[in-house]
Amino acid sequence: MSVFISKDKELCVDQQTSRMADFGLYEYQEEVVQRALRGENIIIWLPTGGGKTRAAVYVAKKHLENNPGAKVAVLVNKVHLVDQHYNNEFNPYLGSDYSLVSISGDCDQKDFFGCEVKNSDLVICTAQILENALTNQEEGKHVELSQFTLLIIDECHHTHKEGVYNKIMARYVAQKLKGERRLPQILGLTASPGTGGAKSIKGAVEHVLQICANLDSVIVSSKVYAPELKKKVPRPRKRFDIVDRRPQDPFGDHLKFMMQFIHDFMALGPEFPVREFGTQEYEADVVILEKKGVTDRNRLLAQCALHLRQYNDALLINDTVRMVDAFRVLESYYSTKSSTAMDGTDFFLLGLYQENEVELRKLSGDARFENPKMGKLQNTLLEQFVQGGHSRGILFSKTRKSICCLYDWVSNNPALQRAGIRAAILTGAGNGINYMTQNEQKDTIRNFRLGSLNLLISTSVAEEGLDIPECNLVVRYGLLTNEIAQQQASGRARASDSVYSVVAQAGGREVRRELLNECLEDLTGRAIGEVQRMEPRDFQMKITDLQTEALLTRQLAEQLKLKKRSRFNAATVQLSCRGCFLPVALGHDIKVIENAHHVNINPDFERYYKTGGQPALKTFEDWEPGRVISCAACGRVKDWPRQLTSLIFRV
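Just so you know, the residues in each chain are numbered from 1, in the order the chain's sequence is written. Where local features are concerned, this predicted model is filtered to residues with pLDDT of at least 70; where side-chain atom pairs are given and counted, the filter is 80 or more; whole-chain, interface and lining totals use all residues. Where side-chain values are given, they derive from all heavy atoms of the structure, hydrogens and water being excluded.

Draft legend 1. Structural context of the sheet that holds strand β9 (residues 393-396). Pairing between two strands requires that DSSP report at least two bridges joining them. Going along the chain from the N terminus, every DSSP run of H or I of four or more residues is numbered as a helix, and every run of E of two or more is numbered as a strand. One open sheet accounts for six strands, arranged β8-β13-β12-β9-β11-β10; its pairing is parallel. Here the strands that pair on one side only, and so sit at the sheet edges, are β8 (237-243) and β10 (423-426). This sheet shows a mean twist of 20 degrees between the axes of neighbouring strands, independent of strand direction. Seen against the sheet, helix α16 (residues 400-411) touches β9, β10, β11 (455-458) and β12 (473-477) and runs at an angle of roughly 175 degrees to β10. Axis definition: a line fit to C-alpha positions, over the contact stretch in the case of helices; interaxial angles, taken between N-to-C directions, run 0 to 180 degrees. It only takes one pair of heavy atoms within 4.5 Å for two residues to be counted as in contact.

Draft legend 2. Seen up close, helix α11 (residues 280-295). Under the convention used throughout, the expected extent of a helix is 1.5 Å for every residue step, that is, one less than its residue count. Taking 1.5 Å as the rise per residue, α11 with 16 residues should run 22 Å; its terminal C-alpha atoms sit 23 Å apart, in good agreement. Where α11 terminates, the next one or two residues include Arg297, which has phi positive at roughly 55 degrees.

Draft legend 3. Structural detail: the pattern of salt bridges. Any Lys or Arg side-chain nitrogen located within 4 Å of an Asp or Glu carboxyl oxygen qualifies as a salt bridge. In total, this model carries 37 salt bridges according to the counting rule given. Across the salt bridge formed by Arg299 and Asp346, the nearest N and O atoms sit 3.1 Å from each other. Taken together, the residues span a long stretch of sequence, with Arg299 in helix α12 (residues 299-320) and Asp346 in helix α14 (residues 344-364) at a distance of 47 residues. In this structure Asp346 comes out as buried when scored by relative accessible area, which is 8%. Residues joined in a network through salt bridges with shared partners are Lys238, Arg476, Glu514 and Glu518. Exposure categories follow from relative accessible area, calculated using a 1.4 Å probe and restricted to protein chains: below 20% of the type maximum is buried, above 50% is exposed, and the middle band is partly exposed.

Draft legend 4. Fine view of the packing of aromatic side chains. Pairing of aromatic rings covers Phe, Tyr and Trp, the last through its six-membered ring, and needs centres within 6.5 Å; plane angles under 30 degrees mean stacked, over 60 mean edge-to-face, and all others mean tilted. Considering all chains together, one arrives at nine aromatic pairs under this definition. Aromatic side chains Phe265 and Phe348 sit 3.9 Å apart centroid to centroid with 15 degrees between the ring planes, which places their arrangement in the stacked category. Taken together, the residues Phe265 in helix α10 (residues 250-266) and Phe348 in helix α14 connect sequence positions 83 residues apart. We classify Phe265 as partly exposed; its relative accessible area is 31%. Between Tyr333 and Tyr334, the aromatic rings sit 5.1 Å apart at their centres with planes inclined by 90 degrees, giving edge-to-face as the arrangement. Exposure class is identical for Tyr333 and Tyr334. Each is buried. For Lys373, the ring lying beneath its charged end belongs to Tyr477, and the centroid distance is 6.0 Å. Definition used: whenever NZ (Lys) or CZ (Arg) falls within 6 Å of the ring centre and also within 35 degrees of the ring normal, the charge is taken to sit over that ring. One Lys or Arg, Arg392, reaches over the ring of Phe448 and ends 5.5 Å from the middle of that ring.

Draft legend 5. Region of the structure containing the sheet that holds strand β2 (residues 72-76). With parallel pairing, seven strands are arranged side by side in an open sheet as β3-β4-β2-β5-β6-β1-β7. Of all strands in the sheet, those with a lone pairing partner are β3 (100-103) and β7 (218-220), marking the two edges. On average, each strand axis in the sheet is tilted by 15 degrees relative to the strand beside it, whichever way the strands run. Bridge count between β3 and strand β4 (residues 122-126): four bridges; the pairing is parallel. Within the sheet, the bridge partner assigned to Val101 lies in β4 and is Val123. Along the sheet, helix α8 (residues 201-215) contacts β1 (42-45), β5 (150-153), β6 (185-190) and β7; its crossing angle with β1, the most-contacted strand, is approximately 130 degrees.

Draft legend 6. Looking closely at the environment of Lys591. Among the secondary structure elements, Lys591 is positioned in strand β16 (residues 590-593). Residue classification places Lys591 among the partly exposed residues on the basis of a relative accessible area of 37%. Each C-alpha atom of the pair Lys591 and Ile601 lies 6.6 Å from the other, and the pair is 10 residues apart in sequence.

Laid out in structure tokens, this is it:
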């Protein structure tokens with residue numbers, strides 16, 4: 001495997017080992033970094049809380065010490081991890097001796113990334129920043145992989161398919177196969193590579209080998225000091241808190257009656273079979289229906305599909321949290337529909353809701369038919385928090401809507417408030433009412449660490465990467481995820497005698513998925529073991545074969561992509577409003593900014609939209625955010641996509 005290491009100084013592992021204790025490494029961490037200290041490309045496989053990042057800091061420190069002119073890049077897959085790694089890990093240990101810089105899409109340094117790399121010893125950035133710099137040929141912005149001597153890739157199990165990590169490593173592998181020698185050493189970090197969807201040992205081994213090939217690395221884990229690792233990172237006590245199905249659900253039944261009424265109005269015919277209302281599968285069906293309606297310019301089909309999705313969302317919320325939460329979702333959706341109705345389809349859909357609104361409100365307030373999972377969740381939380389004043393927990397749920405509903409429930413639940421539960425929401429950073437800014441994320445986690453908060457109600461953002469204190473309770477509520485997410489969530493419960501609870505309905509898919517994930521977790525471990533036992537020669541041959549195959553596949557895919565792009569002239573591509581099908585732009589009106597953002601630059605475009613509030617968008621190099629926009633013709637309440645948000649050119 002290709003790596004450039006200065007020949008002036010060779011790594012002396014024996015001398016370094018005596019210094020590791022001073023650095024604060026455990027013996028299992030010392031064990032897993034040995035091959036990296038010898039300059040090999042490796043993936044460190046340690047569980048959540050095992051100290052992968054600290055081990056990487058030590059490798060970076062020794063790499064900089066022993067290789068004059070060395071340059072390190074630390075890549076992360078989420079913006080909030082840039083500052084976290086800089087402030088909590090790398091700067092405290094390396095900042096006094098080396099020049100460090102942290103760069104994300106929210107800072108100005110990204111515009112001169114090449115210069116920052118040239119003037120720094122270690123750069124921490126999102127992978128997309130590096131990918132942009134690799135493709136941008138402008139002076140001061142462009143970089144080459146050969147400028148780095150060590151590439152640290154956090155959460156490296158994402159190095160697959162079309163992910164940005166894999167795009168970067170595809171360049172690396174292509175250069176390696178051409179015989180390029182001046183390539184950086186690779187250090188990947190992961191809590192689990194997973195099985196890639198495989199359910200057999202053969203398939204799981206192939207997946208692990210593919211990850212190794214993508215990262216051009218071997219995978220290492222603790223063997224000699226595994227008992228120490230197990231003691232340092234104990235597994236929580238897992239339990240299933242199961243509830244019986246609702247004996248009756250008149251609120252849900254009424255929603256299904258209304259949905260069937262809409263289907264009858266659509267008169268789809270047998271070529272469009274309907275799957276069970278209130279499921280993810282049905283949601284996928286209505287998404288396809290809406291797309292077909294838009295493609296065929298069939299407004300009846302498109303609008304009915306949009307409304308059906310809202311009803312399906314309400315059913316999913318009814319199954320997850322309270323009936324009143326589900327009702328509020330519909331109430332909010334229809335609150336502005338009367339002012340935007342434009343044809344018979346709109347009046348039918350609006351009238352159907354208005355005719356049933358009083359009955360839905362009444363049913364949603366009937367405590368006899370409330371979701372039994374809420375009672376079980378309450379008991380689970382009380383059991384842990386009543387025991388003492390120092391409990392700390394994370395409640396995971398699937399969607400931003402559901403965690404907002406859960407937060408409202410916790411905040412207004414007298415029993416939970418008497419138990420001293422102080423909750424807050426933690427979601428991913430982004431734009432919109434249910435997102436958080438990076439500063440809000442930092443404040444929430446800081447308050448959780450200090451103890452002013454003791455329960456985080458979170459989406460998957462808290463499963464991976466975030467520096468969150470040890471918890472003695474992790475609850476997974478209404479979640480269907482893979483084995484990687486399950487292991488990461490479980491790893492958050494690191495306090496002694498901690499509990500990992502799965503609150504679910506008897507016979508539900510959550511329990512089946514959780515049990516399957518346990519099997520897949522074991523399968524992952526066995527697959528890694530088989531890969532580690534391979535003869536080095538056989539391993540290298542397999543890796544090279546996989547890399548060559550992947551390179552040929554990418555080249556073919558790129559040819560097909562170019563062929564597809566050339567099918568239509570930009571001037572002939574028409575963009576229309578999804579609500580009323582009014583043509584509003586042509587393909588040649590769209591400009592790509594920073595190789596990622598598609599923006600309409602035609603000044604005549606303003607005739608077709610009306611402006612709303614200020615969007616929470618970053619400022620680009622030559623552009624600044626304007627206003628959120630929506631269709632001026634149909635008054636579509638749902639904003640047009642962010643790609644069409646108005647931007648103002650700075651002159």
